[in-house]
Amino acid sequence: MTTLVFGHKSPDTDSTGSPLIWEWFLNQSGIEAKAALLGAPNTEAAFVAKHWGFDLPAVIADVDDDQSCVIVDTNNPAELPANINNADVLAIIDHHKLAGGLETKNPINITIRPLACTATIMHQMMGATAKKMPKGIKGLMLSCILSDTLAFRSPTTTEIDKTLAEKLAKELKVDIEAYATEMFDAKSDVSAFSDAELLRMDSKEYGVDGKKFRVSVLETTSPKIVLDRKETLMKAMPDVAKEDGVDEVLLFVVDIINEEATMLIPNDLTKTVAEKSFGATVDGDSVVLPGVMSRKKQIIPALKV
């Protein structure tokens with residue numbers, strides 16, 4: 001049976017590139033593997049795949065009973081196929097905190113390391129095989145690191161991530177800042193997406209103090225493009241929350257260049273969250289949070305209601 005490799009729903013660059021990287025590694029190791037996606041990837045991920053000569057993996061809605069699979073870039077059942085506990089999960093490779101709730105048929109290999117990017121962990125796990133990586137796989141790995149670290153601006157960045165990215169860029173003869181700008185410009189083009197699609201594009205479900213949130217982050221070099229849609233985005237939030245079974249959508253528009261986030265404040269609950277979580281003073285329908293760039297390290301751990 002072919003082993004499927006996939007990341008989380010609402011796939012970003014790491015959850016698109018890392019399955020392709022690990023597909024290559026498993027096939028090199030004699031294990032038949034195929035990358036898959038749990039939804040349409042964001043515009044940056046689509047740009048990266050095309051740039052390095054890859055077709056986007058097929059999108060799957062669920063997994064069959066006993067389907068062998070490797071989970072990457074998440075360990076949270078809420079971000080995985082509904083039938084995941086009946087699949088045959090062989091391994092998890094991740095850089096997020098342990099969420100719990102997954103059940104497996106057998107003991108498995110779990111690798112979770114405090115690095116900024118799943119692809120960095122994969123490079124460590126490959127050992128000598130990493131020297132065989134073709135240009136395209138190196139390009140995907142570099143792209144995943146630059147995306148997850150926001151070109152080393154994110155507080156999640158480690159020296160391990162940065163050193164590997166610089167090594168890959170040198171081998172590929174890629175100027176990091178110029179290429180990262182291309183990636184972030186691609187991510188900033190959200191004109192083709194509806195308000196509901198934007199709210200779900202890069203989001204994770206998270207519960208705190210009895211409330212369940214969809215925590216959405218839009219990283220962009222052109223925050224005005226998103227913030228010009230503030231009114232309609234806020235109108236869409238209640239419907240998205242109801243459809244997704246959460247109490248509220250929290251939207252953070254991250255300005256990559258100025259290294260700050262703007263949080264939309266459509267109601268009293270989001271106002272309370274902003275004030276209690278970030279010590280902000282809210283006097284309108286949005287608030288700027290200086291220095292806030294990482295959902296994993298700065299937003300989700302801080303949430304209070």
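The structure we're discussing is the one just above.
Keep in mind it's a predicted model, so treat the numbers as computed, not measured.

### With respect to unusual backbone geometry
The phi dihedral of Asp73 is positive, around 65°, even though this residue is not glycine. Note that Asp73 resides in the loop between strand 4 (68-72) and strand 5 (88-94). With relative accessibility at 1%, the residue Asp73 sits in the buried group.

### Brief notes about the side chain of Glu23
Note on placement: Glu23 falls in helix 1 (residues 13-28). Although Glu23 lies buried, it forms no salt bridge, and the closest oppositely charged side chain, Lys34, sits 4.6 Å away as judged by the N-O distance. Non-local contacts of Glu23, meaning those with residues more than four positions away in its chain, are made with Ala33, Lys34 and Ala35.

### Side note on the sheet that holds strand 9 (residues 248-255)
What the five strands build is an open sheet, ordered 7-8-9-10-11; its pairing is mixed. Only two strands of the sheet have a single neighbouring strand rather than two, namely strand 7 (203-208) and strand 11 (286-290). Averaged over all adjacent pairs, the angle separating strand axes in this sheet is 25°, with direction ignored. The strands touched by helix 9 (residues 230-244) are strand 7, strand 8 (211-220), strand 9, strand 10 (260-264) and strand 11; relative to strand 9, the strand with the most contacts, the crossing angle is about 135°.

### A look at the pairing of strand 5
The element strand 5 is largely enclosed, with a buried count of six among its seven residues. Across five bridges, strand 4 lies against strand 5 in parallel orientation. By the bridge assignment, Val72 is partnered in strand 5 with Ile93. When strand 5 meets strand 6 (residues 109-112), the two strands line up parallel, connected through four bridges. Paired with Ile93 across the strands is Thr111, a residue of strand 6.

Scoring rules and cut-offs
- The numbers attached to residues start from 1 for each chain and follow its sequence in the written order.
- Residue-level local features of this predicted model are given only where pLDDT is at least 70; pairs of side-chain atoms are given and counted only at 80 or more, and the full residue set underlies all totals for whole chains, interfaces and linings.
- The side-chain figures draw on all heavy atoms in the structure; neither hydrogens nor water molecules are used.
- Helix and strand assignments follow DSSP, with helices taken as H or I runs no shorter than four residues and strands as E runs no shorter than two, numbered in order from the N terminus.
- Only protein chains enter the calculation, and the probe is 1.4 Å; a residue is then buried if its accessible area is under 20% of its type maximum, exposed if over 50%, and partly exposed in between.
- Positive charges are assigned to Lys and Arg, negative charges to Asp and Glu, while His and the chain termini are left out of the count.
- Salt bridge, as applied in this entry: a Lys or Arg side-chain nitrogen positioned within 4 Å of an Asp or Glu carboxyl oxygen.
- Whether two residues are in contact is decided by their heavy atoms, any of which lying within 4.5 Å being enough.
- DSSP bridges decide pairing: two strands pair if at least two such bridges lie between them.
- An axis is simply a line fitted to the C-alpha atoms; with a helix, the fit covers only the stretch in contact. Between two such axes, the angle follows the N-to-C directions and lies from 0 to 180 degrees.

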